[in-house]
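# Observations on chain architecture
Next come the chains, spelled out residue by residue.
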There are 4 protein chains.
Amino acid sequence: MSNSNQIPPEVLEWMHRMFEEHIPFNKELGIKIERMEQDGVALRFQMKDKYVGNPIKQILHGGITSSLLDVAGGVAAAVYAFLRLDEHTLEALMQPIGRLGTIDLRVDFLRPGFGTEFIAFGTVMRAGRTVAVTRMELHNEEGLLIAVGTGAYVVG
Amino acid sequence: MSNSNQIPPEVLEWMHRMFEEHIPFNKELGIKIERMEQDGVALRFQMKDKYVGNPIKQILHGGITSSLLDVAGGVAAAVYAFLRLDEHTLEALMQPIGRLGTIDLRVDFLRPGFGTEFIAFGTVMRAGRTVAVTRMELHNEEGLLIAVGTGAYVVG
Amino acid sequence: MSNSNQIPPEVLEWMHRMFEEHIPFNKELGIKIERMEQDGVALRFQMKDKYVGNPIKQILHGGITSSLLDVAGGVAAAVYAFLRLDEHTLEALMQPIGRLGTIDLRVDFLRPGFGTEFIAFGTVMRAGRTVAVTRMELHNEEGLLIAVGTGAYVVG
Amino acid sequence: MSNSNQIPPEVLEWMHRMFEEHIPFNKELGIKIERMEQDGVALRFQMKDKYVGNPIKQILHGGITSSLLDVAGGVAAAVYAFLRLDEHTLEALMQPIGRLGTIDLRVDFLRPGFGTEFIAFGTVMRAGRTVAVTRMELHNEEGLLIAVGTGAYVVG
């Protein structure tokens, strides 16, 4: 029995490998995708000393915040690009994945990035024919909202 | 003879140390500031394998693009924060530097980030009492414009 | 008994008059503020033929969408600027109101602006010393989300 | 002899009529397009009392600033959408024009909008298959830069 809103296990596995292992800077950051579903994605990141942006306050560098939000938006856009395909196969995903790219990103830095672990969430807000617009949030391990973002992604 | 638009050598040296050595992720990226003047700043970055965002195309990760633009905007805002002080001393710089922070950042990804070396430029467009708005550009070693950005920074 | 999270009636009345009557383009648009509270503001707008942006589809002009979101963000920032004052009097409000200004605005156009009446919501996401960042939404009379926005405002 | 970078007179005339006459809010604002060329567009707007956003300072309302920048970006995107067509005819323009829409807009308010006449410029920065990203500027009649903006537009 097919469910058009579900991602088959082999596609999930492929997406994990691509975003966590095959994209070098994602791998360097140690990003782990926790959730990839139609209504949103979540990824996790462990803080390290080299990612500090302010040596006095020991907070996350704004470039890492931006990176995590961009990746969360990109994963959400990839899930959207897959689920709207007529055929839910790995082969059919190759064309939209090949075209996937960030058009623009806005990041709002709400609070100093204190924390040892960060979770980034992404959801699709505009589900267009050629462009998806996503909203993202970055929380620390205590659930505090550190930053929000919006991204536009080519998806077709 | 004093020139109010110039940064004294000891302040320049301190800013280099702070942005290149004391901010861990800037140091990790190997950012070198090439120019810090009233009408703009420039910084240089060498590409490495771990900063790739697309393993097929071997282009710069969008998070690194965002990081470089944010740092360029921040250095431009720091120069502005210094030059508008009544006293052009290192001591006087400590208060605005302590408050310096990114409010928001927009990045427009114009072309795939091919290149071995990238240069980011930043200039102040809005020189406010408490907020500076900066515009940034990222070029590769052939002068191709890869991305542009806009940032708002607390400066007072 | 005082409640620091409430706006006194004379301040509410003054804010209504200022935003609805004294700002000429708000008056021209016929904006009515429905709600001004600490956790958010809401304003209402009636569609007119002259505010159409696409003559075939008869949808709201993107400039009106942007105007309504900017006003909703500005009213939310004004409420924040008032509630954090030590003294909750109309006199004390004059300094922050005189300084209130939009630094930047981002609008994401999610769906065609069909509708006869639109409601814009605004809430403060970053409550800073000198800058407030707000998030806004525009819905039509059926509750459909037409656009979202983010704004940064000088508040001190 | 054809020149692929030129817009035929009948297309220019049609674009003027569409943007100046057929879009109701553009007509209401009295926007006049001064220039539509491959390297950029310019449009002109006369200030009126009803477009004031601050009754004390008598400056342009931020919503009008946003409207003018969005229209300038949209006209620049329309010119790009036309010039990349295989056939430079009015008929061929109908499909991209029907799809033309703003995805997102960022406006940076640099200076108070004093002035009696304003000119908005728009140029295409990212010339994509399905998305154009444009940069815009708003100047007053003395050439002072009031605001800048960036927009992303669906063009295919």
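Source: prediction; values computed, not measured.

## Some details on the interface of chain A and chain D
Every contact between the two is made by 8 residues of chain A and, on the other side, 8 residues of chain D. For the side of chain A that touches chain D, the secondary structure elements donating two or more residues are β5 (101–109), β7 (131–140) and β8 (145–154) of chain A. Residue contributions to the side of chain A that touches chain D peak at 3 residues, all from β5 of chain A. When the residues that make up the side of chain A that touches chain D are grouped by side-chain class, the tally is 5 nonpolar, 1 polar and 2 charged.

## A few points about the environment of T123 of chain D
Residue and element names in this part refer to chain D. Structurally, T123 is set in strand β6 (residues 117–127). For T123, a count of 19 C-beta atoms within 10 Å corresponds to the partly exposed category. Taking C-alpha positions, T123 is 8.3 Å from A72, a pair spaced 51 residues apart along the chain. Apart from residues no more than four positions distant in its own chain, T123 is found in contact with D39, G40, A76, T134 and R135.

## Thoughts on the sheet that holds strand β7 (residues 131–140) of chain D
Spatially, 12 strands are ordered β1(C)-β2(C)-β6(C)-β7(C)-β8(C)-β5(C)-β5(D)-β8(D)-β7(D)-β6(D)-β2(D)-β1(D) in an open sheet, and the strand pairing comes out antiparallel. For this open sheet the edge positions go to β1 (32–37) of chain C together with β1 (32–37) of chain D, each flanked by a neighbour on one side alone. For this sheet, the mean inter-axis angle between neighbouring strands, taken without regard to orientation, is 15°.

## Remarks on the relation of the copies chain C and chain D
At an RMSD of 0.0 Å, chain C and chain D line up after a rotation of 180° and a shift of 0.0 Å along the axis. Here the two chains are linked by the operation of a two-fold rotation axis. Considering only C-alpha atoms, the residue of chain C closest to the rotation axis is R106 of chain C, which sits at 2.2 Å. Of the interface residues in chain C, 100% have counterparts in chain D that sit at the interface too, so the contact is made through matching surfaces.

## Let's talk about the relation of the copies chain A and chain D
Once chain A has been moved 0.0 Å along the axis and rotated by 180°, it coincides with chain D to within an RMSD of 0.0 Å. Of all interface residues in chain A, 100% are interface residues in chain D too; the two copies therefore contact each other through one and the same surface.

## Here's the deal with unusual backbone geometry
Residues and elements named next belong to chain A. Of note, Q58 is a non-glycine position whose phi angle comes to about 55°, a positive value. Within the fold, Q58 resides in the loop between β3 (52–54) and β4 (59–60). Judged by the 15 C-beta atoms lying within 10 Å of it, Q58 is partly exposed.

## Here's the deal with the packing of helix α3 (residues 62–83) of chain A against helix α3 (residues 62–83) of chain B
The interhelical angle for the contact between α3 of chain A and α3 of chain B, taken along N-to-C directions, is 145°, at an axis separation of 8 Å. Viewed along their axes, α3 of chain A and α3 of chain B form a crossing whose handedness is right-handed. Of the residues in α3 of chain B, those in contact with G62, G63, S66, S67 and D70 of chain A of α3 of chain A are G62, G63, S66, S67 and D70 of chain B. Taken together, the residues of the contact of α3 of chain A with α3 of chain B break down into no nonpolar, 8 polar and 2 charged.

## Overview of the sheet that holds strand β2 (residues 40–46) of chain B
Across the sheet, which stays open at both edges, the 12 strands sit in the order β1(A)-β2(A)-β6(A)-β7(A)-β8(A)-β5(A)-β5(B)-β8(B)-β7(B)-β6(B)-β2(B)-β1(B) with antiparallel pairing between neighbours. Each edge of the open sheet is held by one strand with a lone partner, namely β1 (32–37) of chain A together with β1 (32–37) of chain B. In this sheet, adjacent strand axes meet at a mean angle of 15° when their direction is disregarded. The pairing of strand β7 (residues 131–140) of chain B with strand β8 (residues 145–154) of chain B spans 9 bridges and is classified as antiparallel. Within β8 of chain B, the residue paired with T134 of chain B across the bridge is G151 of chain B. The sheet strands contacting α3 of chain B are β5 of chain A together with β1, β2, β5 (101–109), β6 (117–127), β7 and β8 of chain B, and the helix crosses β6 of chain B at an angle near 45°.

## Description of the interface of chain C and chain D
Contacts between chain C and chain D engage 27 residues on the former and 28 residues on the latter. Going through the elements one at a time, α2 (24–29), β3 (52–54), α3 (62–83) and β5 (101–109) of chain C are the ones with two or more residues in the side of chain C that touches chain D. Ranked by the residues each element gives to the side of chain C that touches chain D, the list is headed by β5 of chain C, at 9 residues. The pairing of β5 of chain C with strand β5 (residues 101–109) of chain D spans 5 bridges and is antiparallel. Bridge pairing in β5 of chain D places D108 of chain C opposite D104 of chain D.

## Considering α3 of chain B
For α3 of chain B, spanning 22 residues, the distance from its first C-alpha to its last is 32 Å, which sits close to the expected 32 Å at 1.5 Å a residue. With respect to burial, α3 of chain B is a largely interior element, 21 of its 22 residues being buried.

## What to know about the environment of G73 of chain D
Residues and elements named next belong to chain D. Position of G73 relative to the elements: it lies in helix α3 (residues 62–83). Taking the C-alpha atoms as reference, G73 lies 5.1 Å from G122; in sequence the two are 49 residues apart. Contact partners of G73, with chain neighbours within four places excluded, come to G122, T134, M136, G149, G151 and Y153.

Rules and cut-offs
Residues numbered from 1 in each chain as written. Chains lettered and ligands numbered in written order. Predicted model: local features only at pLDDT ≥ 70, side-chain atom pairs only at ≥ 80, totals over all residues. Contact = placed C-beta atoms within 7 Å. Helix = DSSP H or I, 4+ residues; strand = E, 2+ residues; numbered from the N terminus. Nonpolar A, V, L, I, M, F, W, Y, C, P; charged D, E, K, R; others polar. Buried ≥ 20, exposed ≤ 12 C-beta atoms within 10 Å, placed from the backbone. Pairing = 2+ DSSP bridges. Axes fitted to C-alpha atoms, helices over the stretch in contact; angles between N-to-C directions. Least-squares fit on C-alpha atoms with pLDDT ≥ 70 in both. Left-handed = near helix turned anticlockwise from the far one by under 90°. Expected span 1.5 Å × (residues − 1).

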